[in-house]
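Here is what each chain is made of, one letter per residue.
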Amino acid sequence: MLDIKLIRDQPDAVATALADKGGADLIHEILARDGERRRLIKEAEDLKALRNKASEAIGQAKRRGEDASAEQARMREVGDRIKALDADVKAVDDAIEALLAQVPNVPHPSVPRGKSDADNVEVRKWGTPRQFDFTPRPHEDVGEALGLLDMERATKIAKTRFAVLWGDLARLERALAQFMLDLHTREHGYTEAWIPHLVNAETMLRTGQLPKFEEQLFKTVEADEGRTLYLIPTSEVSLSALHSGEVLLERTLPRRYTAYSPCYRREAGTYGKDMKGIFRNHQFSKVELVKLATPASGYDELESMVREAETVLQRLELPYRVVERCAGDVGFSSAKGYDLEVWLPGQGKYREISSCSNYADFGGRRVDIRYKPESGGRPEFVHTLNGSGLAVGRTIVAILENYQNVDGTVTIPTALRPYLPGLERLTTRR
RNA sequence: GGAGAGGUGGCCGAGUCGGCCGAAGGCAGCCGCCUGCUAAGCGGUUACAGGGUCAAAAGCUCUGUCCAGGGUUCGAAUCCCUGCCUCUCCGCCA
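Scoring rules and cut-offs
Residues numbered from 1 in each chain as written. Chains lettered and ligands numbered in written order. Predicted model: local features only at pLDDT ≥ 70, side-chain atom pairs only at ≥ 80, totals over all residues. Heavy atoms only, no water. Core = buried A, V, L, I, M, F, W, Y, C linked by side-chain atoms within 4.5 Å. Buried < 20%, exposed > 50% of the residue type's maximum accessible area, 1.4 Å probe, protein only. Contact = heavy atoms within 4.5 Å. Helix = DSSP H or I, 4+ residues; strand = E, 2+ residues; numbered from the N terminus. Expected span 1.5 Å × (residues − 1). pLDDT = per-residue confidence, 0-100. Salt bridge = Lys/Arg side-chain N within 4 Å of Asp/Glu carboxyl O. Near = heavy atom within 4 Å. Polar contact = N/O pair within 3.5 Å; in protein donor to acceptor, adjacent residues only side chain to side chain. Phe/Tyr/Trp six-rings, centres within 6.5 Å; stacked < 30°, edge-to-face > 60°. Lys NZ or Arg CZ within 6 Å of the ring centre and 35° of its normal.

A. Highlighting the nonpolar core. One finds Leu-172, Leu-176, Leu-416 and Leu-426 to be the most contacted residues of the largest nonpolar core, which totals 50 residues. The residues touching Leu-176, leaving out its near neighbours within four places in the chain, are Leu-316, Val-392, Thr-395, Ile-396, Ile-399 and Leu-416. Within the second largest apolar cluster, 26 residues are counted, among which are Leu-2, Leu-40, Ile-58 and Val-103.

Here it is in structure tokens:
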């Protein structure tokens, strides 16, 4: 969330910055509530000061054996008034917090202007899409023809938008995860973590999933009406909340964390979109990258994170392009972000396979992670960054489509061979 | 799941029958002094958040914070309730 002081000090600048992104209209209301809040606090605190003094006097009087019942009665009324004011303050606080939670992050000045994804800017392209001497098929056809992708049985035991992978395709999923984790931990300086896949509401709030995206989450309740836990929509949630409430030493930054986990998303509101195959499922796995950085290094860390995600595609020899999101399309929490779009010959399009963002101090403030500057001084909020490195399900899609052969088999990319000993191509063999 | 114990400042730890407790004492840290160096010793000092004042900062002042949220009371670290977490024993379990 934004710093209320920023809104208080330069409301017009904030509103202007949010022009493309929305939320500018909330600024005025927050300001009004903020003024009300301070007025109430002043009144309540003045009364508390009065009561504290009186209570001390009552104590002394009693020790002298004097009667203080008149003063006590007076303070009882003051106490009631304080209680009412405190309740008002709480109500205004909650209202401000709810409003503030709806205000998106302010885009970094370098972010291109624009309203929608149509205004995004292609930054660079890598690789040349392969020329096929036959018509490349979409991944679901390739997988199902081999008998390795089974949408029908998944739908039977769960529901639509779930998948079963059989045999070597299941192995491929496992190998990809291993390959990506090894790359990021051995070559990019990330620390691997194995994290909870169910988290509490607090964590979802701190990572911005709640309240805004509740309709995208799967919610669980323990059988005997225990607490509510949510299935993570990405391991970014768990990774970036690990240090919530902590103050880190500057010299331990940046922290680079990676985790492989399943991700669960309702995909509400995507009706007919990407209904076939595993491109958009309720469950998919992903290797996630998270960084906690100082404000000074946050944007450099974003650039390197994008390169780190790109390395995965380069090693797999999958053509892609990097797109910078414009102010209107950059995510709610994001100050600046890039998408990696992989070439899918079956669709004849570049499609998103990774998204890397810097949430900046907006993310650090919300999750409450600070760092103590080396130079001394007050702790400041870290920049939080996250990116996919990569979405494993979509990587499978890309491999099935880019590496498909005319006979229906799929060649295994060279970089994965060490992880799939003896396997050179996917066939009908299970 | 059953039984019990407990959650106090960066750490350890004291808080009597509720008031003078933001909280003794120790350690650690910081600043001085002293001292061939180091150690020891001496003096001082060290939380966070939010209001008010101020152009702003500093300063001053007020409020809140002894796990969290309620309650009792003129007044709660101290009493009551709920939740969360930790520890011990038993049971169950991959």
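B. Main features of helix 10 (residues 298–315). Between the first and last C-alpha of helix 10 there are 26 Å, a value that for 18 residues agrees with the 26 Å anticipated at 1.5 Å per step. Along helix 10, the residues that are buried comprise Gly-298, Glu-301, Leu-302, Met-305, Val-306, Glu-308, Ala-309, Glu-310, Thr-311, Val-312 and Leu-313. The first or second residue beyond helix 10 is Glu-317, which carries a positive phi of 55°.

C. Spotlight on the confidence of the model for chain A. Across chain A, pLDDT averages 92, with 99% of residues at or above 70. In the predicted complex, the global pTM is 0.91; the interface-specific ipTM is 0.85.

D. Layout of the pattern of salt bridges. Summed over all chains, the structure comprises 33 salt bridges. In this structure, Asp-86 and Lys-48 form a salt bridge, with 3.3 Å as the shortest nitrogen-oxygen distance. With Asp-86 in helix 4 (residues 69–100) and Lys-48 in helix 3 (residues 24–63), this pair connects stretches of sequence that are 38 residues apart. Residue classification places Asp-86 among the partly exposed residues on the basis of a relative accessible area of 32%. With a shortest N-O distance of 3.2 Å, Arg-351 and Asp-274 are connected by a salt bridge. A residue pair is termed long-range when its members are at least 10 positions apart, and Arg-351 in strand 13 (residues 349–359) and Asp-274 in the loop between strand 9 (255–264) and strand 10 (283–293) qualify at 77 residues. The buried category is assigned to Asp-274, whose relative accessible area is 17%. Linked by salt bridges that have partners in common, Arg-256, Lys-291, Glu-301 and Glu-308 make up one network.

E. The arrangement of the protein's contact with RNA strand B in detail. By nearness alone, 22 residues border RNA strand B, and Glu-45, Asn-52, Ser-55, Arg-63 and Arg-76 come closest of all. A share of 70% is what sugar and phosphate atoms reach among the atoms of RNA strand B within 4 Å of the protein. Arg-8 places a side-chain nitrogen or oxygen 3.1 Å from a phosphate oxygen of RNA strand B. The side chain of Arg-37 places a nitrogen or oxygen atom 3.2 Å from a phosphate oxygen of RNA strand B. Put simply, the parts of the chain that give the surface near RNA strand B at least two residues each are helix 1 (4–9), helix 3 and helix 4. Top contributing element to the surface near RNA strand B by residue count: helix 3, with 14 residues.

F. Seen up close, the packing of aromatic side chains. All told, the structure shown has five aromatic pairs when counted by the stated rule. With 5.4 Å between their ring centres and 85° between their planes, Phe-132 and Phe-134 make a pair best called edge-to-face. Each member of the pair, Phe-132 as well as Phe-134, carries the same accessibility label: buried. Aromatic side chains Phe-332 and Phe-362 sit 6.1 Å apart centroid to centroid with 75° between the ring planes, which places their arrangement in the edge-to-face category. Taken together, the residues span a long stretch of sequence, with Phe-332 in the loop between strand 11 (320–324) and strand 12 (336–344) and Phe-362 in helix 11 (residues 360–367) at a distance of 30 residues. Using a relative accessible area of 15% as the deciding quantity, one classes Phe-332 as buried. We classify Phe-362 as buried; its relative accessible area is 2%. The cationic tip of Arg-394 hangs over the ring face of Phe-279; the distance from NZ or CZ to the ring centre is 3.8 Å.

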